[in-house]
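Now for the letters of each chain:
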Amino acid sequence: MATNNANSRPISTYPIPASIQTKLNKAGFLTTGSVLNLRPSELSSSAEISVEDAADVLDLVGKPMGKFLDTKTALEILREEQLLHPIVTLSQNVDEILCGGVPLSKVTEISGIAGVGKTQLCLQLCVTVQIPEECGGIQGQAIFIDTEGSFNASRLEDMSQACVEHCRKTMNLPVDAWSLASIRENIFVYRCKEVTDLLSCVMILKEFLKSHRQVKLIVIDSLAFHFRHDLENTALRSRVLHKIAAELSRMAVDFGTAVVVTNQMTTKFDSKGQGRLTPALGTSWGHAPTLRFILDWDPSRSFRWATLIKSSSLPSGSAPYQVTKDGIRDVFFEKEIVTPPVVIVEDGIPGICFNTIV
C-alpha cells in the first residue's frame, strides 16, 4: 500500500523548478510511478530536458517520502557554523562588529555613497580570503563580478603586497609560502556590462563552483548599477532581482561561500516629507542579505564609519576605519572624542545619522 501511494504521488509536489515541471507535465509525466523506471537519457528525450536535469528529477523522486527535504538538527547546523572561519578585513574595529569578519555561507551587503570605499573593501576581502591556513586564514579563492568597471588590478597589487608582508612579519610566514603571483591567480574576474550578462553569470556560477571548491568569496560590485539603469519595468526588475537573490543565497549555503554584494544609496522620503539616504533596490531586496552595513564618511571627513544595520545574530554597531595605500585599516584617536553614527528606521526606511554636538 505504501509503495502504491508513493508511486501515485504527483510530480508537482516535489521541489522541482517550474520550467522543468511544465515540460514534465506536457510530456505526460504526472506522478512518481510514471518516471521511476526510466533512465535519465529516456526522460531527457521524452520531456525535452537536459540529461543532468533528468538525473536530478529521478534522484529526487526516488528518495523515500520526505527525505528530499534534507533536514538537519539545530545542533548539526551549529557545529557546521562553528567550523566556518570568517574572512578578516584587516581592520580590527570592523571585524569586531562582524564577530570576526565577513561570514561564510551568508550574503552580506555593503552600501554607501560613491567614493566611500565599497570597492576598496571588496578588493581587500579578495586578498584576505587567501591568507594561508598557517596564518589563521582560510586559504580560499575569490570571484569578482564587476558591473561598473571598478576592478583595479594595480590597487589590488598594493593591498596584496601589504598583506603578504604583514603575514611574513607578524606570523613568521616563510617567503615562499605565499606570493603576489598566487594572489593574482586565485581571483577570477567577470565583467558584466548589462543586466542580462549579470543574470547569466550568476545562473551558471554554480557549475564553476563545482569544479573550483576552493572559492570562498563571491563579490558583486555592484548589484544596483544595472538594475537602476537598464530595467525600467518595475515588475520585471523585481522578478530578476528576486531570482538573483535566491541563487546567491543558495550558492552561499551549498558551497560554504561568503557572498558580498555592494549597493548604491538612494533618497527616500518618510511620512514627514524628510528625505534620507538609504540603500537602493527597495525593501524586497533588503530581506535577502543576512547582514547589511553602510559605509559613510565621518562629519570631519578625516576617516570613515562602517555601521551594521541588519543582522539576525549581531547587535547594531559602528566601527571607524580608514582606506590607506595598504588597504582597509583601523583609525586611532588620541582620545575618545568621536561620536559614532546611529541606526535609524522610520517608516520602514533604514539609514544612519550623526548626532553632532554643537
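Preceding block: the structure.
Since this is a predicted model, take the numbers as computed values, not measurements. (Residues numbered from 1 in each chain as written. Predicted model: local features only at pLDDT ≥ 70, side-chain atom pairs only at ≥ 80, totals over all residues. Heavy atoms only, no water.)

Colleague: How do you make sense of unusual backbone geometry when you look at a structure like this?
Modeller: Excluding glycine, most residues fall at negative phi; most peptide bonds, likewise, are trans. Omega for the bond connecting Asp221 with Ser222 falls within 30 degrees of zero, at -5°, which places this linkage in the cis form. When you line up the elements, Ser222 lands in the loop between strand E4 (215–221) and helix H11 (224–229). Of note in this structure, Asn172 is not a glycine but carries a positive phi near 55°. In this structure, Asn172 sits in the loop between helix H8 (153–171) and helix H9 (180–185). Judged by its relative accessible area of 67%, Asn172 is exposed. (Helix = DSSP H or I, 4+ residues; strand = E, 2+ residues; numbered from the N terminus. Buried < 20%, exposed > 50% of the residue type's maximum accessible area, 1.4 Å probe, protein only.)

Colleague: Teacher, can you tell me more about the state of the cysteines here?
Modeller: Each disulfide consists of one covalent bond between the sulfur atoms belonging to two cysteines. A full pass over the atoms with the stated rule returns 0 disulfides. No disulfide involves Cys167; its nearest neighbouring cysteine sulfur is the one of Cys135, lying 4.4 Å away. Among the residues examined, Cys167 registers a relative accessible area of 1% and is labelled buried. This cysteine, Cys192, is not joined by any disulfide, and Cys201 carries the nearest cysteine sulfur, 4.3 Å off. (Disulfide = S-S within 2.5 Å.)

Colleague: Please explain the environment of Lys106 as it appears in this structure.
Modeller: Considering the arrangement of structural elements, one finds Lys106 in the loop between helix H6 (92–97) and strand E1 (107–112). By relative accessible area, Lys106 is classed as partly exposed at 23%. For the pair formed by Lys106 and Val345, sequence separation is 239 residues and the distance between their alpha carbons is 23 Å. Among all residues touching Lys106, those that are not within four sequence positions of it are Glu81, Ala252, Thr257, Ala258, Val259, Thr290 and Leu291. (Contact = heavy atoms within 4.5 Å.)

Colleague: Quick question: what am I supposed to make of the sheet that holds strand E10 (residues 317–324) here?
Modeller: Hydrogen bonds between backbone atoms are what pair the strands of a sheet, whose relative direction is either parallel or antiparallel. With mixed pairing, 9 strands are arranged side by side in an open sheet as E3-E2-E4-E5-E1-E8-E9-E10-E11. Where the open sheet ends on each side, the last strands, each with one partner, are strand E3 (187–191) and strand E11 (327–330). Each strand of the sheet is rotated relative to its neighbour by a mean of 25°, with strand direction disregarded. Here E10 runs beside E11; their pairing, made up of 4 bridges, is antiparallel. Of the residues in E11, the one forming a bridge with Val323 is Ile328. (Pairing = 2+ DSSP bridges. Axes fitted to C-alpha atoms, helices over the stretch in contact; angles between N-to-C directions.)

Colleague: Would you mind showing me how to read the packing of helix H7 (residues 118–128) against H8 here?
Modeller: Helix-helix packing is characterised by the crossing angle of the two axes and by the distance between the axes. Packing of H7 against H8 leaves a shortest axis separation of 10 Å and a crossing angle of 45°. It follows from the interaxial angle that H7 and H8 lie oblique. Crossing of H7 against H8: the hand is right-handed. Touching Gln120, Leu123, Gln124, Val127 and Thr128 of H7 are Arg155, Leu156, Met159, Ser160 and Cys163, all from H8. For the contact of H7 with H8, a count of residues per class yields 5 nonpolar, 4 polar and 1 charged. (Parallel < 35°, antiparallel > 145°, perpendicular 65-115°, else oblique. Left-handed = near helix turned anticlockwise from the far one by under 90°. Nonpolar A, V, L, I, M, F, W, Y, C, P; charged D, E, K, R; others polar.)

Colleague: Is there a simple way to explain the pattern of salt bridges in this structure?
Modeller: Within this structure, the stated rule accounts for 9 salt bridges. In this structure, the salt-bridge partner of Asp158 is Arg155, at a minimum N-O distance of 3.8 Å. Separated by 3 residues within a single helix, Asp158 and Arg155 lie in helix H8, roughly one turn from each other. Since its relative accessible area comes to 27%, Asp158 is described here as partly exposed. (Salt bridge = Lys/Arg side-chain N within 4 Å of Asp/Glu carboxyl O.)

Colleague: What is the right way to read the packing of aromatic side chains from this model?
Modeller: Each pair of aromatic rings is reported with the distance of its centres and the angle of its planes. Under the defined criterion, the tally for this structure stands at 4 aromatic pairs. When the centroid spacing of 5.2 Å and the interplanar angle of 75° are considered together, the rings of Phe188 and Phe208 count as edge-to-face. You can see Phe188 sitting in strand E3 and its partner Phe208 sitting in helix H10 (residues 195–211), a full 20 residues away along the chain. Taking relative accessible area as the criterion, Phe188 reaches 21% and is therefore assigned partly exposed. Lying across the ring of Tyr14, Arg9 places its NZ or CZ 4.0 Å from the centre. (Phe/Tyr/Trp six-rings, centres within 6.5 Å; stacked < 30°, edge-to-face > 60°. Lys NZ or Arg CZ within 6 Å of the ring centre and 35° of its normal.)

Colleague: How do you make sense of the pairing of strand E8 (residues 291–297) when you look at a structure like this?
Modeller: Walk down a regular strand and you will see the side chains alternate between the two sheet faces. Counting buried residues in E8 gives 7 out of 7 residues, a clear majority hidden from the surface. Alternating positions in E8 separate into two faces, Leu291, Phe293, Leu295 and Trp297 on one and Arg292, Ile294 and Asp296 on the other, with burial throughout. As paired elements, E8 and strand E9 (residues 304–310) share 6 bridges and run antiparallel to each other. By the bridge assignment, Leu295 is partnered in E9 with Ala306. Counting the residues that bridge the hairpin from E8 to E9 gives 6 residues, and of these Arg301 lies at a positive phi of roughly 65°.

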